[in-house]
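# A look at the structure
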Number of protein chains: 4
Amino acid sequence: MSEKISVALIGASGYGGAELARLLVGHRFAELKIATASGERAGAKLSDLFPSLRGVCDIVCEELDLDRIAECDFAFIALGHGKAMEIAPQLLERGLKVCDFGGDFRLRDAKTYEHWYKTPHLAPQLLPDAVYGLPEWNREAIKTAKLVANPGCYPTSAILPLAPLLAANAIEPASIIVDSASGTSGAGRAAFSLGLHHAEVSEDFKAYKIGAHQHTPEIEQALGDACGQPITLTFTAHLLPIARGILTTSYATLRGQHTRESLHQIIAERYQNEPFVRVWPVGEVPQLKHVVGSNFCDIGVAVDARTNRVILVSAEDNLVKGAAGQALQNLNIMCGFDEREGLHSAALFP
Amino acid sequence: MSEKISVALIGASGYGGAELARLLVGHRFAELKIATASGERAGAKLSDLFPSLRGVCDIVCEELDLDRIAECDFAFIALGHGKAMEIAPQLLERGLKVCDFGGDFRLRDAKTYEHWYKTPHLAPQLLPDAVYGLPEWNREAIKTAKLVANPGCYPTSAILPLAPLLAANAIEPASIIVDSASGTSGAGRAAFSLGLHHAEVSEDFKAYKIGAHQHTPEIEQALGDACGQPITLTFTAHLLPIARGILTTSYATLRGQHTRESLHQIIAERYQNEPFVRVWPVGEVPQLKHVVGSNFCDIGVAVDARTNRVILVSAEDNLVKGAAGQALQNLNIMCGFDEREGLHSAALFP
Amino acid sequence: MSEKISVALIGASGYGGAELARLLVGHRFAELKIATASGERAGAKLSDLFPSLRGVCDIVCEELDLDRIAECDFAFIALGHGKAMEIAPQLLERGLKVCDFGGDFRLRDAKTYEHWYKTPHLAPQLLPDAVYGLPEWNREAIKTAKLVANPGCYPTSAILPLAPLLAANAIEPASIIVDSASGTSGAGRAAFSLGLHHAEVSEDFKAYKIGAHQHTPEIEQALGDACGQPITLTFTAHLLPIARGILTTSYATLRGQHTRESLHQIIAERYQNEPFVRVWPVGEVPQLKHVVGSNFCDIGVAVDARTNRVILVSAEDNLVKGAAGQALQNLNIMCGFDEREGLHSAALFP
Amino acid sequence: MSEKISVALIGASGYGGAELARLLVGHRFAELKIATASGERAGAKLSDLFPSLRGVCDIVCEELDLDRIAECDFAFIALGHGKAMEIAPQLLERGLKVCDFGGDFRLRDAKTYEHWYKTPHLAPQLLPDAVYGLPEWNREAIKTAKLVANPGCYPTSAILPLAPLLAANAIEPASIIVDSASGTSGAGRAAFSLGLHHAEVSEDFKAYKIGAHQHTPEIEQALGDACGQPITLTFTAHLLPIARGILTTSYATLRGQHTRESLHQIIAERYQNEPFVRVWPVGEVPQLKHVVGSNFCDIGVAVDARTNRVILVSAEDNLVKGAAGQALQNLNIMCGFDEREGLHSAALFP
């Protein structure tokens, strides 16, 4: 065991944190050494908070103590937005590599952050060196990063299908509409409200935060990076009556003489060596059941020739490729491990 | 009872037919006199096929016999596509008023029908006089119609929010994208397949028939009628892991200096006297739970000022306002009854 | 409208209260005059709290004011346990007829109440005259009652199938086991906790309050009344990942030479004139989808001859026959209306 | 790779078969060499039948060819009941070790099989040497078995909690009632009927095959083995509106002076060294979400002192501990591997 790197999980009591703990159990080269939780949860076993982990991961949660955490090699921050920017500077000073699950270090521009997150940025000095942790587009930078901002769940599902087409100049940048639907685990375990009462969600479907979702600028920034020009798009989130999974349907107007086959080829070639992006055969689109529980993001390509639009369907597990799985993928890259380590599981079907 | 009109329900063994039977129980001026079913279902009580109806509607299903049906005043045809055009001419000859649940008489152009439904039209001579039964837009024509084509479930949910804005010249016709999601009852009871096995749908979400859904030309025709010019749009259907309900999110680019408030006003004024369209207050959008079980179509209006697009959210019960409820609404109009008769129920919440 | 009786609904902001408001809309002889809610909900329209009621029941909720309520003929109390015993005496003094949704007046013995509900009884003087509002067993007493205790959701589903067999001396009283499962609306809208977060309930099933559920003595009391001797039984509640419905599977050892047919006959004859109890044909058992949305309790009878046990399956909508529907049935009886008034709807299927 | 044992999976196109393929991907000492499917599925990749396996297990399904399969060391038979007894003799003759998912070799008495399965037994000569593959009770026999009958999903969940109490003479054998509820994947992928249409199962719950479920004698046989006397019990199966998981609530009358604590101790001690049975702390019971996706069977113990009954709650994933996971556990035992190999995953929560 001595050769394993030691990992601190700051914020183990949320769904994303618990999912990371679950995944780390199967990792051969990293071990969970410290898990933190606040309030009455400190002192409890993680497996009392999440009995699914009984006998699997019985680590005792402790209050956040940066000096204790300094004994670790790597820290995941799985707290709500606004908390990571308070502690990340101190973790970096203590020499840890850091991967943050939240939004604090995803946007390069502190003003954009403040506009969408409605709070001042407390560590803007870290933004220039923070790396957006989408391995399929930033792998080289992640390799040497000290601070990685793990992408949001919706952005991962939107950027992966759209970026190759923008990079290839195959779609009109101003025409993009991203229509997404997520399971309820995306709302988190702590911040639950009447709108998440099972009785109100069961057999329901609704849109929320229309025009105001904080993941919008993150998608725009990453797509802008992919094509070298600013992107402004429409993003709408919906709430599905399921626990896990995000399905995103993206629309864009074609540029030039593209067909379903040529667009499919652009995306398929872009991701042909990627371990966690599966491009569906021409004529097929993915569905949530095929990815939930796995670290895959699956992509399907369709074209509506009558309106000259491409329709991209992408599916992921919001807690795996959309959160803890991608975070572990980032750890693997940052630490020089095989990128797939700990992430081999296929989806649970049905 | 003698003053009630007598109704024949041709095709009582599907979800739409059974829903109509359920609604008719509460109708004071119409009574179900004949219900047909084919094969081994003929001879069975409708309440054996649908035990929810036990003690409520125990009519015995019989084989289709047009001479028997000629004794009725009104016939609903709730068969699969392609069947109504075989029998509607004979029903009309026998003097019945007819409302068809299927697609056979919705499209004015037989060629368009044949393109999307992949079958020849057998009664094109009826198309000029068939009325598209969307009361909010065709009420006057429905009043005197002999043959009403009840709108499709998806089209009802898409046309109602978009038509007022097109009629007011407030959106770009070429920019419309309709993104819809339906519960599994929309697939029908007879045509069920592996893709509808509960284990494969539970906790799933997927898009289907992308660019090829037969409801596309129906939406286009009705919206074209509303604004006086041909409309071509993108429509994508998704399958929700719920039994009932359609939520539609529509996108369009604004024309002129419109705001959320001005668009809301256009729609709210258009429907202010409509008994079954509820326009949500500014800043709110509907969700499925608020309409399922009722004949309402609820509409919410949002604007993404950054991209100059309107986002319309509409919700309905696919079996009520999207099928049997609207059909009964059409009967009420065709027969001169209060349009709300038999349709007073609020949604079942939660 | 003047001939309608006027109804006050005390506690309109819970699921049971809102369901009653929904049902009252269709009642010809009673109208909702006052709806109360506490805190910030007072002053809001009921249809803002439950948008499903928009345009259907837009009454404004008000703070509880007993003098205002005294203007009404009838009051429903739909508050949490422990509140009704504070206000019922004053309502009765003011001459209203009262039907309470909660547990305060269901148990004749105040000591039993205090043992199971863990709180002192504040109005034991009312217990002798309070009538347990299960119409199928107490109709005559309900007719003249001033205070009716509306039965609990689980008890209704358990008493109806078991009582006829106990009354006929067909089963061993000491052998009864009641195994029930309820949807999440049974937990109420206010008492919302992590265990009801959609993400934690979806695709889950669990037992709760084993051996300690407060509905146990209520079932025992009613069954004891049916057979004239004290009953002690085992009752286990489970939580289903659905919004509405209770399915109860009851087990008992047979006495004498009974068969499935003879047991079925006992139950079927007992309820043959009951408008809201449907006994399934021999060999069939009900399922939830056949009752949800209706006021029916459906019962099926099976026998395991190998072990000499009867297995009874009963299904109801916990918010209708298990709460608001039965309360309205009680109002109808107490006020001399047709017992079915306002309760004609069949279940929503599928 | 040469040191891995080679595995044939006969019947890969069902849910159980696909689940085994999924689990085998993570097994270090066994590899899937042949997967069979019949009809048009032969020739297809397993990952075309189950796209969740794309890139994970792309083996091509082939028609069943016993000579081909003879090249393997081990065969799983995951066919419907009645098929294994046709081919198992030939596989054993060819020297393979065999584990059958179905019911053909679970009952020692061919007559009992024929009574419950309604078909003649074709290989009764194998019954004396077939071992019932419940490792927690038959580990030694499994180690040397050539033919293992993998337990049924319901029986696994019922036997594990009850057997220790019977073995300890702590409960009345004649008093046992087993009340179970399963997700819809238990019905299989092939035997798909209207009752499994998503629209009919969603928001539903029902009992089925009351008094006639073929798992009844299997539970009775195993419990009889545990206590050394014949057991006859009542077993009722229910269908949950979820894809995966079985929760079983078992009831029995206590013998002697037992308490919750003493019963808990009996069960906890019995399973203290078992890798896949987790006994919940005193006062807690498991729920499905804590086991689905894992090979655990979790057990909770409650006592209703008023009626002198124990109530046992057990939870498992019907496709893992109830099928493919337990089968793999049996392979591990039969081949001398660590029993946990390939089975380390915790449940997916939430």
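Read on for a plain summary of the structure. Please read these numbers as outputs of a predicted model, since none were measured by experiment.

How each quantity is defined
Residues numbered from 1 in each chain as written. Chains lettered and ligands numbered in written order. Predicted model: local features only at pLDDT ≥ 70, side-chain atom pairs only at ≥ 80, totals over all residues. Heavy atoms only, no water. Helix = DSSP H or I, 4+ residues; strand = E, 2+ residues; numbered from the N terminus. Rg over C-alpha atoms; globule rule 2.2 N^0.38 Å. Buried < 20%, exposed > 50% of the residue type's maximum accessible area, 1.4 Å probe, protein only. Contact = heavy atoms within 4.5 Å. Areas by Shrake-Rupley, 256 points an atom, 1.4 Å probe, with all protein chains shown as cover. Lys, Arg positive; Asp, Glu negative; His and termini not counted. Charge placed at Lys NZ, Arg CZ, Asp CG, Glu CD. Least-squares fit on C-alpha atoms with pLDDT ≥ 70 in both. Phe/Tyr/Trp six-rings, centres within 6.5 Å; stacked < 30°, edge-to-face > 60°. Lys NZ or Arg CZ within 6 Å of the ring centre and 35° of its normal. Pairing = 2+ DSSP bridges. Right-handed = clockwise from strand over helix to strand, strands pointing away. Buried area = accessible area lost by both parts, 1.4 Å probe. Salt bridge = Lys/Arg side-chain N within 4 Å of Asp/Glu carboxyl O. Polar contact = N/O pair within 3.5 Å; in protein donor to acceptor, adjacent residues only side chain to side chain. Axes fitted to C-alpha atoms, helices over the stretch in contact; angles between N-to-C directions. Parallel < 35°, antiparallel > 145°, perpendicular 65-115°, else oblique. Left-handed = near helix turned anticlockwise from the far one by under 90°.

For chain A, the helix and strand inventory stands at 11 helices and 14 strands. Taking 350 residues into account, the globule formula puts the C-alpha radius of gyration at 20 Å, and chain A, at 20 Å, falls close to it. Along the first, second and third principal axes, the C-alpha atoms of chain A reach 60 × 45 × 40 Å. Across the 350 residues of chain A, 65% fall into the buried class. Contacts in chain A between residues far apart in sequence, at least 24 positions, make up 70% of those at least 6 positions apart. By element, 48% of the accessible surface of chain A is carried by carbon and sulfur atoms, the whole surface being about 11,200 Å². A gap of 2 Å separates the mean positions of the 31 positive and 40 negative side-chain charges of chain A.

Laying chain B over chain A is done by rotating through 180 degrees and shifting 0.0 Å along the axis; what remains is an RMSD of 0.0 Å. Both chain copies can therefore be described as sitting about a two-fold axis. The overlap is high: 100% of the interface residues of chain B also sit at the interface in chain A, so the same surface is used on both sides.

For the rest of this paragraph, the subject is the packing of aromatic side chains. Counted according to the given criterion, the structure contains 34 aromatic pairs over all chains. Between the aromatic rings of Tyr113(B) and Tyr117(B), the centroid separation amounts to 4.6 Å while the plane-to-plane angle is 15 degrees, which identifies the pairing as stacked. Of this pair, Tyr113(B) and Tyr117(B) both sit in helix α5 (residues 110-117), 4 residues apart, roughly one helical turn. Site record: aromatic cluster; members linked through ring pairs are Tyr15(A), Phe50(A) and Phe349(D). The ring of Phe50(B) has Arg189(B) sitting right over it, with the charged end atom 4.2 Å from the ring centre.

Mapping between the two copies of the chain is achieved by a rotation about an axis and a shift along the axis. Rotating chain D by 180 degrees about the axis while translating it 0.0 Å along that axis superimposes it on chain B, leaving an RMSD of 0.0 Å. Both copies present the same face, since 100% of the interface residues in chain D are matched by interface residues at the equivalent positions in chain B.

Moving on: the pairing of strand β2 (residues 30-36) of chain B. All names here are of chain B. For β2, the tally of buried residues reaches 5 of 7 residues, placing the bulk of the element in the interior. As defined by bridge partners, strand β1 (residues 5-10) adjoins β2 across 6 bridges and the pair is classed as parallel. Within the sheet, the bridge partner assigned to Ile10 lies in β2 and is Thr36. You can see the chain leave β1, run along helix α1 (residues 15-24) and come back into β2, and the turn it takes is right-handed. In terms of strand pairing, β2 meets strand β3 (residues 61-62) through 2 bridges, oriented parallel. Across the sheet, Ala35 pairs through a bridge with Cys61, a residue of β3.

This brings us to the interface of chain D and chain B. Every contact between the two is made by 18 residues of chain D and, on the other side, 18 residues of chain B. A buried area of about 1,600 Å², summed over both sides, lies between chain D and chain B, and 60% of it is on carbon and sulfur atoms. Of all residues in chain D, Phe192(D), His197(D) and His198(D) bury the most surface against chain B, accounting for 41% of the area lost on that side. Where chain D packs against chain B, one counts 2 salt bridges.

Attention shifts here to the interface of chain B and chain A. Taken together, the contact pairs 47 residues of chain B with 47 residues of chain A. When the area that chain B buries against chain A is broken down by residue, the three leading residues are Glu203(B), Phe205(B) and Arg306(B), summing to 16%. Counting across the chain B and chain A interface gives 2 salt bridges. Here Arg306(B) makes a salt bridge to Glu220(A), at a shortest N to O gap of 2.5 Å. The interface formed by chain B and chain A holds 32 residue pairs in polar contact (both at pLDDT 80 or more) in total. Among the elements of the structure, β8 (177-182), α8 (198-201), β9 (206-208), α9 (216-227), β10 (234-239), β11 (246-253), β13 (297-304) and β14 (309-316) of chain B are those that each provide at least two residues to the side of chain B that touches chain A. A total of 4 residues in the side of chain B that touches chain A trace back to one element, the largest contributor, which is β8(B).

Here we come to the packing of helix α6 (residues 135-144) of chain D against helix α11 (residues 320-335) of chain D. How two helices pack is summed up by the angle between their axes together with the distance between the axes. Residues and elements named next belong to chain D. Here α6 crosses α11 at 40 degrees, and the two axes come no closer than 9 Å. By the angle between their directions, the pair α6 and α11 is classed as oblique. Between α6 and α11 lies a crossing whose hand is right-handed. Residues Pro135, Glu136, Arg139, Ile142 and Lys143 of α6 lie in contact with α11, whose contacting residues are Lys321, Gln326, Gln329, Asn330, Ile333 and Met334.

Glancing now at the side chain of Asp204(D). Note on placement: Asp204(D) falls in the loop between α8 (198-201) and β8 (206-208). A polar contact of 2.7 Å, which involves the side chain of Asp204(D), links it to the side chain of Gln287(C). Among the polar contacts made by the side chain of Asp204(D), one reaches the main-chain amide nitrogen of Lys289(C) at a distance of 2.8 Å.

To continue, consider the side chain of Glu62(D). All names here are of chain D. Note that Glu62 resides in the loop between α2 (46-49) and α3 (66-69). At a separation of 2.8 Å, a polar atom in the side chain of Glu62 contacts the side chain of Arg68. Sequence-distant contacts of Glu62, defined by excluding residues within four places in its chain, comprise Ile34, Ala35, Thr36, Ala37, Ala42 and Arg68.

For the rest of this paragraph, the subject is the sheet that holds strand β4 (residues 74-77) of chain A. All names here are of chain A. Strand order in the open sheet formed by 7 strands is β3-β2-β1-β4-β5-β7-β6, with parallel pairing between adjacent strands. The sheet is open, and its two borders are formed by β3 (61-62) and β6 (131-132), each paired with just one other strand. Sheet analysis places β6 next to strand β7 (residues 147-149), joined by 2 bridges and oriented parallel. Residue pairing in the sheet places Tyr132 in a bridge with Ala149 of β7. Contacting β1 (5-10), β2 (30-36) and β4, helix α1 (residues 15-24) crosses the sheet at an angle of about 160 degrees to β1.

Turning next to the environment of Leu239(C). All names here are of chain C. Inspection of the secondary structure assignment puts Leu239 in strand β10 (residues 234-239). Taking the C-alpha atoms as reference, Leu239 lies 33 Å from Leu126; in sequence the two are 113 residues apart. Excluding its chain neighbours within four sequence positions, the residues that come into contact with Leu239 are Ser182, Gly183, Thr184, Gly195, Leu196, Val201, Asp204, Phe205, Lys206 and Tyr208.

This part covers the pattern of salt bridges. Within the structure shown, the criterion is met by 84 salt bridges over all chains. Here Asp225(C) and Arg108(C) are joined by a salt bridge, their closest N and O atoms 2.8 Å apart. Pair noted here: Asp225(C) is in helix α9 (residues 216-227) and Arg108(C) is in the loop between β5 (97-100) and α5 (110-117), with a separation of 117 residues, a long-range link. We classify Asp225(C) as partly exposed; its relative accessible area is 47%. Three or more residues are tied together by salt bridges with common partners; here these are Glu19(A), Arg22(A), Arg244(A) and Asp317(A).

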